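One-letter residues, chain by chain:
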Amino acid sequence: MTLFTFHSEHGLARGLAQALDIPLSPMTVHRFPDGESCVRIETEAVTDTCLVYACLAQPDPVTLPLLFLARTLRDAGAKKLVLVAPYLAYMRQDKRFHPGEGITARYYAELLSEYFDALVTVDPHLHRVHNLQEIYSMQTCVVESATTVAGWIRNNIDSPLIIGPDSESEQWAKRLAQLTGTAYVILQKTRHSDREVEISVPDIEQWQQHTPILFDDIISTGSTMIVTVGQLLEKGMRPPMCIGVHAVFAGDGYLQLLGSGAAQVVTCNTIHHDSNAIDLSSAVADAVRQLA
Ligand code: R5P
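Overview of the structure.

Basis of the calculations
Residues numbered from 1 in each chain as written. Predicted model: local features only at pLDDT ≥ 70, side-chain atom pairs only at ≥ 80, totals over all residues. Heavy atoms only, no water. Near = heavy atom within 4 Å. Polar contact = N/O pair within 3.5 Å; in protein donor to acceptor, adjacent residues only side chain to side chain. Areas by Shrake-Rupley, 256 points an atom, 1.4 Å probe, with all protein chains shown as cover. 1 Å grid on protein atoms, 1.4 Å probe; cavity = no way out; pocket = protein on both sides within 12 Å on 5 of 7 lines; lining within 4 Å. Sits in = over half its atoms within 2 Å of the grid points. Points joined across faces, edges and corners; volume = space filled by probe spheres on them. Nonpolar A, V, L, I, M, F, W, Y, C, P; charged D, E, K, R; others polar. Core = buried A, V, L, I, M, F, W, Y, C linked by side-chain atoms within 4.5 Å. Buried < 20%, exposed > 50% of the residue type's maximum accessible area, 1.4 Å probe, protein only. Helix = DSSP H or I, 4+ residues; strand = E, 2+ residues; numbered from the N terminus. Contact = heavy atoms within 4.5 Å. Pairing = 2+ DSSP bridges. Right-handed = clockwise from strand over helix to strand, strands pointing away.

With that out of the way, let us pick up the site of the ligand. Lining the immediate surroundings of the ligand are 15 residues, of which Asp216, Asp217, Thr221, Gly222 and Thr224 lie closest. At 2.6 Å, a side-chain N or O of Asp217 approaches an oxygen atom of the ligand. Between Thr224 and the ligand, the recorded distance is 2.5 Å, taken from a side-chain N or O atom to an oxygen atom. Protein chains shield 95% of the accessible area of the ligand, which is 370 Å² for the free molecule. Because more than half of its atoms lie within 2 Å of the grid, the ligand is assigned to the largest pocket.

Here you go:
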């Protein structure tokens, strides 16, 4: 196998190639003056099974070159194309929220499934879609970050209390609590707009001697975590640790979260970011071995 990627500087891409002991083939995209792109592979690097590692955090400019790469590899003789997209984009638009909108989670799934044979991803945002196979027609394998995150917590935090900021986060918070042998609390979130959320915290005074660990799959604008940190501090809790799986961090969300009163902001390396502290290379490599 060979690992092809446009993101050869990303820790997880490098770690994955190392864990699998396979060559990493860095790709560049040539942009023509008119904005069109050209992907070029070294044909001798094309193996029967090709892994393609893609960071889909800003999906629109990446997706077209990614599809071109897949088709180019296929033309050059690749028999099986496995997409490793640690952060799976477009999963949140899983219903028509307003009349006239599209269900882009479904459309994006159909598009990727046409070009690849299998997908490995980490904690996709499953909400109204309960299983990736409901929308992806290619084979899929989901890596759960919780096992690795639990190890990090055990090594770094005394007396943790896991907190999920909204009902969707319960699936991850509950699992993390099981693995760390701690209690968990789920808060209630009402989202008014992209950046405006309201969080209500139940009575949690009994946990004041614990370190709150806010755990969510995606940190995007940071609003969910920022508001939650404020609410927890108001309740007399210790400064919370914020752990996100996917460091999307739109705009200045990261700086705002750092200044919110959080003790620390830590993420997994599914998206290359300064906050990455939890390495998922070995968990993702295990999943690739199952599929490839
Ligand atoms: C959605 O429910 C997700 O699980 C996250 O809670 C959400 O994406 C966080 O977004 P933001 O950081 O913009 O509040």
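Estimated volume of the largest pocket: approximately 1,200 Å³. Residue classes in the lining of the largest pocket are distributed as 14 nonpolar, 13 polar and twelve charged.

What follows deals with the nonpolar core. Residues Phe4, Leu56, Leu73, Leu112, Phe116 and Tyr136 are the most contacted members of the largest nonpolar core, which totals 43 residues. Broken down by secondary-structure element, the contributors of at least two residues to this core are strand E5 (49-53), helix H2 (59-75), strand E6 (80-84) and helix H3 (104-115). Examining the composition of this core, we find that six residues originate from one element, H2, more than from any other. Every residue in contact with Tyr136, bar those within four places of it in the chain, is listed here: Leu88, Tyr108, Ala109, Leu112, Ser113 and Leu119. Counting residues in hydrophobic clusters, the runner-up holds 42 residues, among them Val120, Ala173, Met241 and Ala285.

The element strand E14 (residues 241-247) is largely enclosed, with a buried count of seven among its seven residues. Note: strand E13 (residues 211-219) against E14, six bridges, orientation parallel. Bridging from a neighbouring strand, Ile213 pairs with Met241 of E14. Tracing the backbone out of E13, into helix H6 (residues 223-234) and back to the parallel element E14 gives a crossover that is right-handed. Note that E14 and strand E15 (residues 264-268) share four bridges and pair parallel. Bridge pairing in E15 links Cys242 to Val265.

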